[in-house]
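Report on the structure
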Amino acid sequence: MFEQIQSALASFGGTWKDKKGINEFTAIIAERKAFLSTKKLTYSARIKIDDTAKIVNFSEMLIEAGSGLSSGGDFDGGISPGFGFKTETFNTLKGGREGNIAEQSNLFSQKFEYKFDYKEIRSKIESAAEAAGYKLQYQILPVK
């Protein structure tokens, strides 16, 4: 079953890791490297397959990370302390996230336009699961 999901997501160019029975797919959506700083936007999907119940447990998230020195920002009149963070909260108990990412991120200190469709990844996983007789179920899977 896992091999079918892997081949369904091969066109997205991400990487797979197995962490205690939970398979994690990660793909870098955007990355910016500048003098003494790096910023990344990463999509992560976690999959746990229950062969006895024929269920594929699935969760996903978007991770923004940055490190290094910044060149200013919205803090105290345009002078940034050189670090910061951004958080986003969403509920996936009733289903996954919808739509495309078309975001202009302050973390990247520059406007980036990119397309990334959550629903396309989820539908490919669901199609592979259904073809093997499994059902896709949204569940928050732990990060370990």
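A quick note: this is a predicted structure, and the numbers were derived from the prediction, not measured.

What counts, and at which threshold
- Residues numbered from 1 in each chain as written.
- Predicted model: local features only at pLDDT ≥ 70, side-chain atom pairs only at ≥ 80, totals over all residues.
- Heavy atoms only, no water.
- Helix = DSSP H or I, 4+ residues; strand = E, 2+ residues; numbered from the N terminus.
- Buried < 20%, exposed > 50% of the residue type's maximum accessible area, 1.4 Å probe, protein only.
- Contact = heavy atoms within 4.5 Å.
- Areas by Shrake-Rupley, 256 points an atom, 1.4 Å probe, with all protein chains shown as cover.
- Pairing = 2+ DSSP bridges.
- Axes fitted to C-alpha atoms, helices over the stretch in contact; angles between N-to-C directions.
- Core = buried A, V, L, I, M, F, W, Y, C linked by side-chain atoms within 4.5 Å.
- pLDDT = per-residue confidence, 0-100.
- Phe/Tyr/Trp six-rings, centres within 6.5 Å; stacked < 30°, edge-to-face > 60°.

For the rest of this paragraph, the subject is the overall build of the protein chain. Summing up its helical and strand segments, the protein chain has two helices and five strands in all. Seen in sequence order, the protein chain has helices and strands lined up from the N terminus as α-β-β-β-β-α-β. Classification of the 144 residues of the protein chain by burial places 33% in the buried group. A fraction of 52% describes how many contacts in the protein chain between residues 6 or more apart in sequence connect residues 24 or more apart. On the protein chain, roughly 9,200 Å² of surface is accessible, and the fraction owed to carbon and sulfur atoms is 51%.

Moving on, we come to the sheet that holds strand β3 (residues 37-50). Spatially, the five strands line up as an open sheet ordered β1-β2-β3-β4-β5, and their pairing is mixed. Unpaired on one side and paired on the other, β1 (15-19) and β5 (135-138) mark the two borders of the sheet. Taking the axes of each pair of neighbouring strands and ignoring which way they run, one obtains an average angle of 30 degrees across the sheet. Pairing analysis gives four bridges linking strand β4 (residues 55-68) to β5, with the strands arranged parallel. Bridge pairing links I55 to K135 in β5. Sheet strands touched by helix α2 (residues 118-131): β2 (22-34), β3, β4 and β5. Its angle to β4, the strand with the most contacts, is close to 150 degrees.

Here the focus is the environment of R32. Along the chain, the position of R32 falls in strand β2. Along the backbone, R32 and G66 are 34 residues apart, and their C-alpha atoms lie at a distance of 9.3 Å.

With respect to the helices and strands, the residue A65 is situated in strand β4. A residue is classified by how much of its surface remains accessible, and A65, at 39% relative accessible area, is partly exposed. Put simply, A65 and L41 are 24 residues apart on the chain and 6.5 Å apart in space, counted from C-alpha to C-alpha.

Turning next to the pairing of β2. Sheet analysis places β1 next to β2, joined by five bridges and oriented antiparallel. By the bridge assignment for β2, K17 is matched with E24. Counting the residues in the hairpin turn of β1 and β2 gives two residues, including K20, whose phi is positive at 55 degrees. Pairing analysis gives 11 bridges linking β2 to β3, with the strands arranged antiparallel. Paired with F25 across the strands is A45, a residue of β3.

This next bit is on the nonpolar core. One finds I5, Y43, V56 and I125 to be the most contacted residues of the largest nonpolar core, which totals 22 residues. Secondary-structure elements contributing two or more residues to this core are β2, β3, β4 and α2. The contact partners of Y43, leaving out residues within four places of it in the chain, are F25, T26, A27, I29, F58, E60, M61, L62, F116, Y118 and I121.

Here the focus is the confidence of the model for the protein chain. Averaged over all residues, the pLDDT of the protein chain equals 75, while 66% of them reach at least 70. Considering only residues more than four positions removed or in separate chains, one finds that residues 74-81, a stretch of pLDDT under 50, has nine contacts.

If you walk through the whole model with that rule in mind, you get three aromatic pairs. A centroid spacing of 5.2 Å and a plane angle of 50 degrees characterise the contact between W16 and F25, whose relative ring orientation is tilted. Here W16 falls in the partly exposed class, since its relative accessible area comes to 22%. Look at F25 and you get buried, because its relative accessible area is 1%.

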